[in-house]
Amino acid sequence: MSKHWQTYEDEQHILWLRFDRNDTSANIINMEVLDELDAIIGGLSASSSICGLVIESEKSAGFCSGADLHYINAQLAAQKDILDFIDKGREVFAKLADLPIPTLALISGTCMGGGLEMALACRYRIANADQKIHLGLPEVQLGIVPAWGGIQRLPRLIGAPQGLAMVLSGRAVSARRAKKIGLVDLLVPQRQLKRAAIQTILKHPPKHKRSVLQSFMEIKPMRMILASVMRKQVAKKVSREHYPSPYLMIDQWARYGSDNVKLQMASADDIKQLLAEGGTARNLLRIFLLREQLQAAGKQSDFKAKHVHVIGAGTMGGDIAVWCALQGLYVTLQDQTPESLCGAIKRAHKLYKKKLKDRAAIRDAMDCLIPDVAGDGVARADVIIEAVFEDVKVKQALFKQLEQRARPDAILATNTSSIPLGEINTVMQDPSRLLGIHFFNPVAKMLLVEIVCGDQTDQKQIQKANGFVHQIKRLPVNVKSCPGFLVNRLLMPYLLEAVRLLEEGNAARAIDKATTDFGMAMGPIELADRVGLDVCLAVANHLAPYFKHEQVPKELAQMVEKKQLGVKTGRGFYYYKHGHVCSKIEAVASAQASQLMAERLIFRIINEAAACIREGIVANGDLLDAAMIFGTGFAPFRGGPMHYIQSQGKQQIRTTFAALEKQFGERYQADPYFY
Ligand code: NAI
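The structure displayed is predicted, hence computed values, not measured ones.

A. Layout of the pattern of salt bridges. Summed over all chains, the structure comprises 33 salt bridges. For Glu-32, the salt bridge goes to Lys-3, with nearest N and O atoms at 3.0 Å. Pair noted here: Glu-32 is in helix H1 (residues 31-46) and Lys-3 is in the segment before strand E1 (5-9), with a separation of 29 residues, a long-range link. Under the relative-accessibility criterion, Glu-32 is labelled partly exposed at 32%. In this structure Lys-3 comes out as partly exposed when scored by relative accessible area, which is 46%. For Arg-489, the salt bridge identified is with Glu-615, shortest N-O distance 2.9 Å.

B. Region of interest: the sheet that holds strand E4 (residues 62-64). Reading across from one edge, E4-E6-E8 is the order of the 3 strands in this open sheet, with parallel pairing throughout. Two strands close off the open sheet at either side, each with one partner strand: E4 and strand E8 (134-136). Pairwise comparison of adjacent strand axes, ignoring direction, gives a mean angle of 10° for this sheet. Alignment of E4 against strand E6 (residues 110-112), held across 2 bridges, turns out to be parallel.

C. Spotlight on helix H23 (residues 533-543). Of all the positions in H23, only Leu-533, Cys-536, Leu-537, Val-539, Ala-540, His-542 and Leu-543 are classed as buried. The secondary structure elements touched by the buried residues of H23 are helix H18 (421-424), helix H20 (487-503), helix H22 (524-531) and helix H24 (554-561).

D. Quick peek at the environment of Leu-326. Counting through the fold element by element, Leu-326 comes out in helix H14 (residues 315-326). The class of Leu-326 is buried, set by a relative accessible area of 18%. What Leu-326 contacts, discounting residues up to four positions off in sequence, is Leu-351, Tyr-352, Lys-355 and Leu-356.

E. Main features of the nonpolar core. Membership of the largest hydrophobic core comes to 98 residues, with the highest contact counts inside it found for Leu-486, Phe-573, Leu-624 and Phe-630. The biggest single contributor to this core is H20, with 11 residues. Ignoring any residue separated from it by four or fewer positions in sequence, one finds Phe-573 in contact with Val-499, Leu-502, Ile-525, Ala-528, Asp-529, Leu-533, Glu-555, Leu-556 and Met-559. Membership of the second largest hydrophobic core comes to 84 residues, among which are Leu-116, Ile-144, Met-249 and Ala-266.

F. Representation of the site of the ligand within the structure. Of all residues adjacent to the ligand, which total 22 residues, the nearest are Met-316, Asp-335, Glu-390, Lys-395 and Ser-417. Within the side chain of Lys-395, a nitrogen or oxygen atom sits 2.7 Å from an oxygen atom of the ligand. Breaking the shell around the ligand down by element, the ones donating at least two residues are H14, helix H17 (392-405) and strand E15 (434-439). Its residues assigned to classes, the shell around the ligand comprises 10 nonpolar, 9 polar and 3 charged.

G. Spatial organisation of the packing of helix H5 (residues 150-158) against helix H12 (residues 262-274). Direction vectors running N to C along H5 and H12 enclose 140°, while the axes themselves pass 8 Å from each other. Between H5 and H12, the crossing angle belongs to the class labelled oblique. Where H5 abuts H12, its residues Ile-151, Gln-152 and Arg-153 lie against Leu-263, Gln-264 and Ser-267. A breakdown of the residues in the contact of H5 with H12 according to their chemical character gives 2 nonpolar, 3 polar and 1 charged.

H. Seen up close, the side chain of Thr-200. When you line up the elements, Thr-200 lands in helix H8 (residues 193-203). When residues no more than four places from it in sequence are discounted, the contact partners of Thr-200 are Leu-104, Tyr-124, Ile-126, Leu-186 and Pro-205.

I. Region of the structure containing the packing of aromatic side chains. Evaluated as defined, the whole model comprises 12 aromatic pairs. Ring geometry for Phe-518 versus Tyr-644: centroids 5.7 Å apart, planes at 75°, classification edge-to-face. A residue pair is termed long-range when its members are at least 10 positions apart, and Phe-518 in helix H21 (residues 508-518) and Tyr-644 in helix H27 (residues 641-648) qualify at 126 residues. The residue whose ring lies beneath Arg-604 is Tyr-668, and the NZ or CZ to ring-centre distance is 5.7 Å. Seen from the ring of Tyr-673, Lys-650 lies directly overhead, with NZ or CZ sitting 4.3 Å from the centre.

J. Broad picture of the side chain of Asn-27. As for its position among the elements, Asn-27 is in the loop between strand E2 (14-19) and H1. Judged by relative accessible area, which is 1%, Asn-27 ranks as buried. Looking at Asn-27, its side chain comes within polar contact range of the main-chain oxygen of Phe-19, at 3.0 Å. Setting aside its immediate chain neighbours within four residues, Asn-27 contacts Phe-19, Asp-20, Arg-21, Ser-57, Lys-59, Gly-62, Phe-63, Cys-64, Ser-65 and Gly-66.

K. Here's a closer look at the pairing of E2. E2 sits mainly inside the fold: 6 of its 6 residues count as buried. In E2, alternate side chains face the same way, and those of Ile-14, Trp-16 and Arg-18 on one face and Leu-15, Leu-17 and Phe-19 on the other are all buried. As defined by bridge partners, E1 adjoins E2 across 5 bridges and the pair is classed as antiparallel. The residue of E2 that forms the bridge with Tyr-8 is Trp-16. The antiparallel hairpin formed by E1 and E2 contains 4 residues in its connecting segment, where His-13 sits at a positive phi of about 65°. Where E2 meets strand E3 (residues 52-57), 6 bridges bridge the pair, whose relative direction is parallel. Paired with Arg-18 across the strands is Glu-56, a residue of E3.

L. Region of the structure containing a positive patch on the surface. The grouping of Lys-350, Lys-354, Lys-355, Lys-357 and Lys-445 at the surface amounts to a positive patch. Within the secondary structure, Lys-350 is located in helix H15 (residues 339-356). Residue classification places Lys-350 among the exposed residues on the basis of a relative accessible area of 67%.

M. Summary view of the pairing of strand E16 (residues 448-453). Burial runs high along E16: 6 of the 6 residues are buried. Because side chains alternate across E16, one face comprises the buried residues Leu-448, Glu-450 and Val-452, and the other comprises Val-449, Ile-451 and Cys-453, equally buried. Examined bridge by bridge, E15 and E16 share 4 bridges and lie antiparallel to one another. From the neighbouring strand, Phe-439 faces E16, where its bridge partner is Val-449. Looking at chain direction, E16 and strand E17 (residues 475-480) are connected through 6 bridges and run parallel. By the bridge assignment for E17, Cys-453 is matched with Lys-480. You can see the chain leave E16, run along helix H19 (residues 459-471) and come back into E17, and the turn it takes is right-handed.

Quick notes on the rules
Residues numbered from 1 in each chain as written. Predicted model: local features only at pLDDT ≥ 70, side-chain atom pairs only at ≥ 80, totals over all residues. Heavy atoms only, no water. Salt bridge = Lys/Arg side-chain N within 4 Å of Asp/Glu carboxyl O. Helix = DSSP H or I, 4+ residues; strand = E, 2+ residues; numbered from the N terminus. Buried < 20%, exposed > 50% of the residue type's maximum accessible area, 1.4 Å probe, protein only. Pairing = 2+ DSSP bridges. Axes fitted to C-alpha atoms, helices over the stretch in contact; angles between N-to-C directions. Contact = heavy atoms within 4.5 Å. Core = buried A, V, L, I, M, F, W, Y, C linked by side-chain atoms within 4.5 Å. Near = heavy atom within 4 Å. Polar contact = N/O pair within 3.5 Å; in protein donor to acceptor, adjacent residues only side chain to side chain. Nonpolar A, V, L, I, M, F, W, Y, C, P; charged D, E, K, R; others polar. Parallel < 35°, antiparallel > 145°, perpendicular 65-115°, else oblique. Phe/Tyr/Trp six-rings, centres within 6.5 Å; stacked < 30°, edge-to-face > 60°. Lys NZ or Arg CZ within 6 Å of the ring centre and 35° of its normal. Patch = residues over 30% accessible without salt bridge, like charges linked within 9 Å, V, L, I, M, F, W, Y side chains within 5 Å. Areas by Shrake-Rupley, 256 points an atom, 1.4 Å probe, with all protein chains shown as cover. Lys, Arg positive; Asp, Glu negative; His and termini not counted. Charge placed at Lys NZ, Arg CZ, Asp CG, Glu CD. Right-handed = clockwise from strand over helix to strand, strands pointing away.

What follows is the structure in structure tokens.
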């Protein structure tokens, strides 16, 4: 008797196998699921009456989302050997692939990771044309490799160049694309799925085969050439030291090729090495689970906004409005003049064209974004977000008015980067209405949103804000109001230290490279340019009095005076054209100098992170790590600042602080947290 699989034999003696994991909303694979599938396949091998097998899903979420990461995490946490699970999956799917009868996967919705590996072990795949379908092997994004046969079967089916590109990027393809490249055999409307499956099983047409050219790519000399090209491409994005999994996949494929089953065995061995304690994969797995935790926090509120009003159509306000309209909300966008709204409308069109492609969908999204210079939307909106200049007086004047005009139940939020709510809400009749909904730049890319709670903020509004952020597909992290809140409080000393390094004569490129080598998504100098040097200066000025040993570098103020504000004016620390850095001259620093720069910069973040935990600005270290990774691109494979502290140990961190303090002064005094 199966808990997770239902079987049914039809009159043509086709066995229908319905996957319906009984304790989760999506189909995900754990050991029990594999054991049961193994038993069913074993029974089939012994049966002579069954003429074919169709695997389908009973879940609305889709076919199968892959291996159960909670199960893997629990096994690892209990120090249990994960190899049993890996081997079991590989063996069961091998048995499925070896069945002498035709087998078919009927795919609706999500078909990812282990789910696609199961489908690949079937002889045929038919996809539902009436549903949005994602097919992919995203294991690389978790720092591991597809070890249930996908690494071998995918390139063997659709050719190595396409197959390995999918595996190495982890990106999913749509059903239409999957049909084009031969990953699915048929794409049929929902109402014809069953008939198409039966016909395919009964007639068993020849299965898809890669082309002659694709087969040619499998011969050893071609494999060597392709592998070398792929290694170079991967190296442009990640280093072998920090992200070994794509390199291991290329190495093993170059060694064995997709026609050799040893490729599967090698991948299973690689997993053990990749999942070692403290390694990249363990940290990425933790980040994945943290992301789920943040999503779950957002789901706790059933608040749903229909109308959002955004005030200030600059870098942030414009992008917040554009993003909310893309999520189907009705958005009114207010600024001082009609001209100041133009930039946001242009950016909206560009983003919608990229994301939606379809003309009708682009038009619908554009229709949701309404220019509103008079601010008529204020009286009707469910959520009002202020994103005007970082000036407490301007913000106070605005909230004084908003409070009078907004609906009594509307969320009143500021997107301020640094001003504590207690400084803005002093002019309000009901200060409990004000909270912070703090987005990160660029809004369409950065998943994090800080929900800022002041001393007086109404908790019900905070709950609603969590629901709103979840509704617009961002990740909420709840923080207490303090200067800079959480992320900017950690970032500011880091950015100021970077400017100090510049003033000491180091090249901007060398400083940025030191931190990207550490694993940051972007160096601090470019980050400052992208945030806007005026915003950085305003935040720095605001935070400086709170940091004992901090002075705002003169260079920053001088650049703002000269209107060299970063990307938005085409010039900051770098020159920019169409949003990209122009100067390509590489600056080199010695390995030792580079390491010291990275240490100086990262330790500024770490000290502030420790202080925030000590002061209870955020509930725990996990949330702090998630905020820094999803809000700033802090090296994900290092697991976040608090995880870094944990991996180094307080003793080691204290020693490094002592050395830095001796050389660079009191700003490197280790926080009391470390004692
Ligand atoms: P910005 O200078 O690009 O845009 C500000 C906009 O507000 C301008 O279009 C201006 O015309 C408008 N404005 C000013 N006073 C107004 C009023 N009374 N009524 C209507 N519109 C008014 O500034 P940016 O960078 O968008 O920053 C806005 C806020 O978001 C600031 O509080 C900033 O600290 C915060 N923030 C900025 C981030 C960044 O990366 N730039 C990141 C996160 C928050």
